[in-house]
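In case you want the letters, here they are:
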Amino acid sequence: MTAPARSEGSLTIPLFLNGEGMRGGRVHPSIAHYTFLGEVQTAPRYRVYAGEAGFPALWPVTEGGISVPGDLYALPLEAVRDEFMPVEPLELELAVVEPADGSASLAVQLRPEVHARGPGLVDISDRGGWRAYQASRVQQ
């Protein structure tokens, strides 16, 4: 048994974006028509990596974490499944993250097996987020 594709009572959830899904990013058009809730930061429980294929990836840590800047959107859960996840890199998976206010939000993070491989990942946590990292690469 399957649920209808877009029912009127669809559950709306917060989605934290810290890469190309943010305003101005390559995959932003897939969610741009949904409600922008504002710029937010995560709790300081994450590191951020740049992948070889040109995407950022959150990684949860128990110590040495930073607050990661990003955009927060409200999307129907079906839109996360049907519109957002299909354009995300295969190295990422859906996760629940903690914004700085202590709430919960969906986001994508690095798959454990990709993190375990290591090569091809660059820790960019000290760069101030994906946008700052991209800007620093353009200036070099």
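In this report, we go over the structure that sits alongside the text. (Residues numbered from 1 in each chain as written. Predicted model: local features only at pLDDT ≥ 70, side-chain atom pairs only at ≥ 80, totals over all residues. Heavy atoms only, no water.)

1. Quick word on the environment of Phe36
Positionally, Phe36 belongs in strand E2 (residues 35-41). Taking relative accessible area as the criterion, Phe36 reaches 35% and is therefore assigned partly exposed. Taking the C-alpha atoms as reference points, Phe36 and Gln109, separated by 73 residues in sequence, lie 20 Å from one another. If sequence neighbours within four positions are ignored, Phe36 has contacts with Arg23, Asp71, Leu72 and Tyr73. (Helix = DSSP H or I, 4+ residues; strand = E, 2+ residues; numbered from the N terminus. Buried < 20%, exposed > 50% of the residue type's maximum accessible area, 1.4 Å probe, protein only. Contact = heavy atoms within 4.5 Å.)

2. Things to note about helix H1 (residues 77-84)
Listed as buried for H1 are Glu78, Ala79, Val80 and Phe84. The inward-facing, buried residues of H1 contact strand E1 (12-17), strand E5 (69-76), strand E6 (92-97) and strand E7 (105-110).

3. Examining the environment of Pro99
In this structure, Pro99 sits in the loop between E6 and E7. Separated by 57 residues in the primary sequence, Pro99 and Thr42 have C-alpha atoms spaced 3.8 Å apart. The residues contacting Pro99, other than those within four sequence positions of it, are Gln41, Thr42, Ala43, Ala104 and Ser105.

4. Notes on the nonpolar core
Among the nonpolar cores identified, the biggest contains 33 residues, and Leu58, Leu75 and Leu110 are the most heavily contacted of them. Contributions of two or more residues to this core are made by E1, strand E3 (46-51), strand E4 (56-60), E5, H1, E6, E7 and helix H3 (130-139). (Core = buried A, V, L, I, M, F, W, Y, C linked by side-chain atoms within 4.5 Å.)

5. Some points on the side chain of His28
Summarising the element assignment, His28 is placed in the loop between E1 and E2. Within the structure, the side chain of His28 is placed 2.9 Å from the backbone oxygen of Gly21, a separation counted as a polar contact. Residues in contact with His28, not counting those within four places in the same chain, are Glu20, Gly21, Met22, Arg23 and Tyr73. (Polar contact = N/O pair within 3.5 Å; in protein donor to acceptor, adjacent residues only side chain to side chain.)

What is shown is where atoms sit, not what they do.
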